[in-house]
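Spelled out from the first residue to the last, the chains are:
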Amino acid sequence: CGYIWPLDFGAHLLMIVLLYIIYRHDSFTLWEFIIINIGNFFMMKVTTAKTDTIMIFAASLGAFLLSTEMGHRIIGKVLKLSYLEMICAPLVTLYFAVFYQPGQATWEKLNAVFNHRFQLQHQAISRYGLHVRGTYVKWRGFGSGKKPSLSKYNFVDNAYLKSMIDFGYGYTILFIAGCLY
């Protein structure tokens, strides 16, 4: 009860790949990158674990780049800018949630790629709004074992937006500022 089995498989495969990368960290080869991502491609086709497939690709690419001299320089520069993620991710999330336009072809394609997350985020902001101190919301998802009808499904699995709705944008801004400090 509560497990979504196709996602569970992806999470296990991700952990196996991460452990393999840790084991081979100093000698990860292009062939290992290719073989892992061929398996990753097939996993993406038979499961709904898109996030896990993206993480496997990113981790294997990072491991391959770190095994080269040029990769060390590139990743070093990227890591110096990584603090920007804490600023950009909430802003990008808010942009997609507020400005999503149902029925517009470009938005619908992006929405489909991200498993209809933009639509759900837009509905949540339209329904509950964003307040300084937050709003109590009884979130309903499909992980409880009982499948509600799609019209009653209201779950936002984006941590930034969920935090803004549940605790308010005041708390979310303070939290992000604390993480940056």
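Note that the coordinates shown come from a computational prediction; the quantities given were computed from them, not determined experimentally. (Residues numbered from 1 in each chain as written. Predicted model: local features only at pLDDT ≥ 70, side-chain atom pairs only at ≥ 80, totals over all residues. Heavy atoms only, no water.)

1. Re the side chain of Asn-158
Next up, step 1: If you trace the backbone, Asn-158 turns up in the loop between helix H7 (117-128) and helix H8 (159-167).
Next up, step 2: A distance of 3.2 Å separates the side chain of Asn-158 from the backbone nitrogen of Leu-161, its partner in a polar contact.
Next up, step 3: With near-sequence residues (within four places) excluded, Asn-158 lies in contact with Thr-93 and Gln-121. (Helix = DSSP H or I, 4+ residues; strand = E, 2+ residues; numbered from the N terminus. Polar contact = N/O pair within 3.5 Å; in protein donor to acceptor, adjacent residues only side chain to side chain. Contact = heavy atoms within 4.5 Å.)

2. Notes on the pattern of salt bridges
Next up, step 1: Tallying each qualifying case throughout the model produces two salt bridges.
Next up, step 2: Between Arg-24 and Glu-32 there is a salt bridge, with the nearest N and O atoms lying 2.7 Å from each other.
Next up, step 3: According to the relative accessible area criterion, Arg-24 is partly exposed, its value standing at 24%.
Next up, step 4: Of the charged contacts in the structure, one is a salt bridge between Asp-166 and Lys-162, with a shortest N-O distance of 2.9 Å. (Salt bridge = Lys/Arg side-chain N within 4 Å of Asp/Glu carboxyl O. Buried < 20%, exposed > 50% of the residue type's maximum accessible area, 1.4 Å probe, protein only.)

3. Some remarks on the packing of helix H5 (residues 85-99) against H7
Next up, step 1: Between H5 and H7, the shortest axis-to-axis distance is 7 Å and the interhelical angle comes to 80°. When the interaxial angle is binned, H5 and H7 end up roughly perpendicular. Within the contact between the two elements, H5 uses Thr-93, Leu-94, Phe-96, Ala-97 and Val-98 and H7 uses Phe-118, Gln-121, His-122 and Ile-125.
Next up, step 2: Residue composition of the contact of H5 with H7, grouped by class: six nonpolar, three polar and no charged. (Axes fitted to C-alpha atoms, helices over the stretch in contact; angles between N-to-C directions. Parallel < 35°, antiparallel > 145°, perpendicular 65-115°, else oblique. Nonpolar A, V, L, I, M, F, W, Y, C, P; charged D, E, K, R; others polar.)

4. Observations concerning the nonpolar core
Next up, step 1: If you look at the biggest cluster of nonpolar residues, it comprises 10 residues: Leu-14, Val-17, Ile-21, Phe-28, Phe-33, Ile-36, Met-43, Ile-56, Ala-59 and Ala-63.
Next up, step 2: Elements supplying a minimum of two residues to this core: helix H1 (5-23), helix H2 (30-46) and helix H3 (50-66).
Next up, step 3: Filtering out sequence-adjacent residues up to four positions away, Ala-63 remains in contact with Ile-21 and Phe-28.
Next up, step 4: Ala-124, Val-137, Trp-139 and Val-156 belong to the second largest nonpolar core, which has nine residues in total. (Core = buried A, V, L, I, M, F, W, Y, C linked by side-chain atoms within 4.5 Å.)

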